[in-house]
Amino acid sequence: MAKILTVYYSRKGENYWNGSIKNISKGNTERIAEFIQEAVGGDLFEVDTVCPYDKDYYKCIDEAKKELHDNARPKIKAYPENFEKYEIIFVGYPNWWGTMPMCMFTLLEKYDLTGKIIIPFCTNEGSGMGSSEHDLKKICKGAIIKNGLSIHGAESENARMKVSAWAKKSI
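Residues numbered from 1 in each chain as written. Predicted model: local features only at pLDDT ≥ 70, side-chain atom pairs only at ≥ 80, totals over all residues. Heavy atoms only, no water.

### Details of the side chain of Thr29
Thinking step 1. Structurally, Thr29 can be placed in helix H1 (residues 28–40).
Thinking step 2. Residue Thr29 is classed as buried on the basis of its relative accessible area, which comes to 1%.
Thinking step 3. Setting aside anything within four residues of it in sequence, one finds Thr29 in contact with Tyr8, Tyr9, Ser10, Gly92, Tyr93, Pro94, Phe121 and Thr123. (Helix = DSSP H or I, 4+ residues; strand = E, 2+ residues; numbered from the N terminus. Buried < 20%, exposed > 50% of the residue type's maximum accessible area, 1.4 Å probe, protein only. Contact = heavy atoms within 4.5 Å.)

This is the structure we're talking about:
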């Protein structure tokens, strides 16, 4: 059986939720990542930045927008151990300004992903995958990028069956 890793960045606390701000104890993307791991097994790794994003949602999105415009690569606290052993990598993130948070670029650009299967998933409040799949093709040279799954963040708690079926079909 293939070695599977589900790697993700997720925001807890203040989040945009069906038109308003809601405080959530578990990030939407984290929840989807856990559903994937339940469905297909493998290891789970949460990306965390050295400098945390602001707790205030609106300040956070301003920080994220600045990082995107600056093409920044924020430092992350840790990298998955033995990354090279994984054959299938589910990559999860919230859609921030039409793509992945820049910390996901930091992570993925560190590795030679040639021959790996990259399966993206994102949470959002209506913007879908944005340009993230295109961006993954640019930074994951030599990898096979499969079609991603977009989940409306406010519906993430109830997406277990949809996510499970998609994950099983994707590998």
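On we go.
### As for the layout of surface pockets
Thinking step 1. When its volume is computed, the largest pocket comes out at roughly 370 Å³.
Thinking step 2. Elements supplying a minimum of two residues to the lining of the largest pocket: strand S2 (13–17), H1, helix H2 (57–70) and strand S6 (117–124).
Thinking step 3. Considering each element in turn, the lining of the largest pocket owes the most residues, three residues, to H2.
Thinking step 4. Size it by volume and the second largest pocket reaches roughly 260 Å³.
Thinking step 5. In this structure, the second largest pocket is lined by 14 residues; those nearest its centre are Tyr9, Arg11, Asp48, Pro52 and Tyr53.
Thinking step 6. Tallied by class, residues from the lining of the second largest pocket come to four nonpolar, three polar and seven charged. (1 Å grid on protein atoms, 1.4 Å probe; cavity = no way out; pocket = protein on both sides within 12 Å on 5 of 7 lines; lining within 4 Å. Points joined across faces, edges and corners; volume = space filled by probe spheres on them. Nonpolar A, V, L, I, M, F, W, Y, C, P; charged D, E, K, R; others polar.)

### What to know about the packing of aromatic side chains
Thinking step 1. For the coordinates displayed, the defined rule picks out eight aromatic pairs.
Thinking step 2. Between the aromatic rings of Tyr57 and Tyr58, the centroid separation amounts to 5.4 Å while the plane-to-plane angle is 80°, which identifies the pairing as edge-to-face.
Thinking step 3. Through a chain of ring-to-ring contacts, three or more aromatic side chains come together here, namely Tyr9, Tyr53 and Trp96.
Thinking step 4. The ring of Trp97 is capped by Lys65, whose NZ or CZ atom sits 4.7 Å from the centre of that ring.
Thinking step 5. Over the ring of Tyr79 we find Lys110, and its NZ or CZ is 4.7 Å from the ring centre. (Phe/Tyr/Trp six-rings, centres within 6.5 Å; stacked < 30°, edge-to-face > 60°. Lys NZ or Arg CZ within 6 Å of the ring centre and 35° of its normal.)

### Points about the pairing of strand S8 (residues 149–152)
Thinking step 1. Residue alternation in S8 divides its side chains into a buried set, Leu149 and Ile151, and an unburied set, Ser150 and His152.
Thinking step 2. Bridge analysis of S6 against S8 gives four bridges, and the strand direction is parallel. Across the sheet, the residue bridging to Thr123 is Ile151, located in S8. (Pairing = 2+ DSSP bridges.)

### Re H1
Thinking step 1. For H1, spanning 13 residues, the distance from its first C-alpha to its last is 19 Å, which sits close to the expected 18 Å at 1.5 Å a residue.
Thinking step 2. Within H1, ten of the 13 residues are buried, leaving the element largely enclosed by the surrounding structure.
Thinking step 3. Listed in full, the buried residues belonging to H1 are Asn28, Thr29, Glu30, Arg31, Ile32, Ala33, Phe35, Ile36, Ala39 and Val40.
Thinking step 4. One or two positions beyond H1, positive phi appears at Gly41, with a value near 80°. (Expected span 1.5 Å × (residues − 1).)

### A few points about the nonpolar core
Thinking step 1. One finds Val47, Ile89, Met104, Leu108, Leu113 and Cys140 to be the most contacted residues of the largest nonpolar core, which totals 32 residues.
Thinking step 2. Of all the secondary structure elements, the ones that give two or more residues to this core are strand S1 (4–8), H2, strand S5 (88–94), helix H3 (102–108), S6 and helix H4 (132–139).
Thinking step 3. In terms of residues, this core owes the most to one element, H3, which gives six residues.
Thinking step 4. If we skip the residues at most four places from it in the chain, Leu113 touches Phe83, Ile89, Leu108, Ile118, Cys140, Lys141, Gly142 and Ala143.
Thinking step 5. Formed by 18 residues, the second largest nonpolar core is a distinct cluster that contains Tyr8, Ile88, Leu149 and Ala159. (Core = buried A, V, L, I, M, F, W, Y, C linked by side-chain atoms within 4.5 Å.)

### Points about the pattern of salt bridges
Pairing is possible between side chains that carry opposite charge, provided their charged atoms lie close to one another.
Thinking step 1. Under the defined criterion, the tally for this structure stands at seven salt bridges.
Thinking step 2. Of the charged contacts, one joins Glu34 and Lys26 as a salt bridge, the two residues approaching to 2.7 Å between their closest N and O atoms.
Thinking step 3. According to the relative accessible area criterion, Lys26 is partly exposed, its value standing at 27%.
Thinking step 4. Ionic pairing is found between Arg73 and Glu109, a salt bridge with its closest N-O pair at 2.7 Å. Of this pair, Arg73 sits in the loop between H2 and S5 while Glu109 sits in the loop between H3 and S6, and the two are 36 residues apart along the sequence.
Thinking step 5. Judged by its relative accessible area of 37%, Glu109 falls in the partly exposed class.
Thinking step 6. Sharing partners across several salt bridges, the network here consists of Lys12, Glu30 and Glu46. (Salt bridge = Lys/Arg side-chain N within 4 Å of Asp/Glu carboxyl O.)

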